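# Structural features, examined
Each chain, letter by letter, is given below.
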Amino acid sequence: MAHELYFTRHGQTVWNVENKICGATDSPLTDLGRAQAAELGRAIAAGHLPIDRILCSPLSRAADTARAVAHGAGLPLTVEPRLIEQNFGRFEGTPRDGAEFAAAKGRFADDFGGGESMLRVAARIYALLDKLRQSPDTCLLVAHNGIARVVHSYFCSMTNQEYAAFGIGNCELRRYVFPE
C-alpha cells in the first residue's frame, strides 16, 4: 500500500479577508475560518481517511484549525515548529497581490529584507518530509499557503513560475503519495 501524506491550509483569517500577507505575523481565524476547520474535521472522520496523526504550525491560525480538525476527526495533534509559515520580511502585512511582492517571489534566495528565503523554507520542509517518509504513520499537516507550495514541489515537478503562483484554498485538503 502506498504511503500517503495529507496537507491542508488553515481556515480563513482576518488578513486573508483584508488581502494582506500574513507570513510569520499571526492573524486570527474568522468565524468562517473556524467553521471551515470544524467542517474539515467532520469530513475527515466521515471519509474514514487513513490519517494517524496531525502535525501543525505553531502559529495560532494553523494551530486553532488543527485543534478543530483533531477534535472533529478524533486524531492526536502535535505542534511541529518547522511548519511555521515563511517570514516575508518587509512584505508582512502588505497586499498579497502587490507587483513588488510578486517579483520577489521569483527570487528564491531573496530573504525579503530580513525574512526567510524560499530556499531556506524548502530546506526545513524537505527535511521534515524526508523524515515523515520514513515513518509508518500517515500524517495530516496543517500549515500555510507558503508551506503548501513547498510540499507540492516535493511531490511534483514545477517551473519557478508555477511554484511562485501555486496556492490552495483555506481548509482545502490535498493528498500526496510518497514515491517508492
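A short tour of the structure in this document, coming up. If you're wondering where the values come from, they're calculated on a predicted model, not measured in any experiment.

### Things to note about the packing of aromatic side chains
Applying the stated rule across the entire model yields 11 aromatic pairs. Residues Phe91 and Phe112 carry aromatic rings whose centres are separated by 5.9 Å and whose planes lie at 80° to one another, so their mutual orientation is edge-to-face. In this pair, Phe91 sits in the loop between strand S3 (77-79) and helix H4 (99-104) while Phe112 sits in the loop between H4 and helix H5 (118-134), placing the two residues 21 residues apart along the sequence. A relative accessible area of 0% means that Phe112 is categorised as buried. Between Tyr126 and Tyr154, the aromatic rings sit 5.1 Å apart at their centres with planes inclined by 85°, giving edge-to-face as the arrangement. Here Tyr126, found in helix H5, pairs with Tyr154, found in helix H6 (residues 145-155); they are 28 residues apart in sequence, far enough to count as distant.

### A word on the packing of H5 against H6
Following both chains from N to C, one finds H5 and H6 inclined at 55°, their axes separated by 10 Å at the closest point. Judged by the inter-axis angle, H5 sits oblique to H6. For the crossing formed where H5 meets H6, the hand is right-handed. Contacts between H5 and H6 involve Val121, Ala122, Arg124, Ile125, Tyr126, Leu129, Asp130 and Arg133 from the first element and Ile147, Val150, Val151, Ser153 and Tyr154 from the second. A breakdown of the residues in the contact of H5 with H6 according to their chemical character gives nine nonpolar, one polar and three charged.

### Details of the sheet that holds strand S2 (residues 53-56)
Strand order in the open sheet formed by five strands is S3-S2-S4-S1-S5, with mixed pairing between adjacent strands. Each edge of the open sheet carries a strand with a single partner, namely S3 and strand S5 (173-177). Strand-to-strand twist in this sheet, taken as the mean axis angle between neighbours without regard to direction, amounts to 25°. Pairing of strand S1 (residues 4-9) with S5, which is carried by five bridges, proceeds in the antiparallel orientation. Bridge pairing in S5 places Glu4 opposite Val177.

### Section: the layout of surface pockets
In this approach a probe as big as a water molecule rolls over the atoms, and the regions it shows empty are the leftover space. In this structure, the largest pocket encloses a volume near 210 Å³. For the lining of the largest pocket, the secondary-structure elements that each account for two or more residues are H6 and helix H7 (160-165). Of all the elements, H6 adds the most residues to the lining of the largest pocket, at three residues. Across the lining of the largest pocket, the residue classes break down as seven nonpolar, six polar and six charged.

Cut-offs used in this document
Residues numbered from 1 in each chain as written. Predicted model: local features only at pLDDT ≥ 70, side-chain atom pairs only at ≥ 80, totals over all residues. Heavy atoms only, no water. Phe/Tyr/Trp six-rings, centres within 6.5 Å; stacked < 30°, edge-to-face > 60°. Helix = DSSP H or I, 4+ residues; strand = E, 2+ residues; numbered from the N terminus. Buried < 20%, exposed > 50% of the residue type's maximum accessible area, 1.4 Å probe, protein only. Axes fitted to C-alpha atoms, helices over the stretch in contact; angles between N-to-C directions. Parallel < 35°, antiparallel > 145°, perpendicular 65-115°, else oblique. Left-handed = near helix turned anticlockwise from the far one by under 90°. Contact = heavy atoms within 4.5 Å. Nonpolar A, V, L, I, M, F, W, Y, C, P; charged D, E, K, R; others polar. Pairing = 2+ DSSP bridges. 1 Å grid on protein atoms, 1.4 Å probe; cavity = no way out; pocket = protein on both sides within 12 Å on 5 of 7 lines; lining within 4 Å. Points joined across faces, edges and corners; volume = space filled by probe spheres on them.

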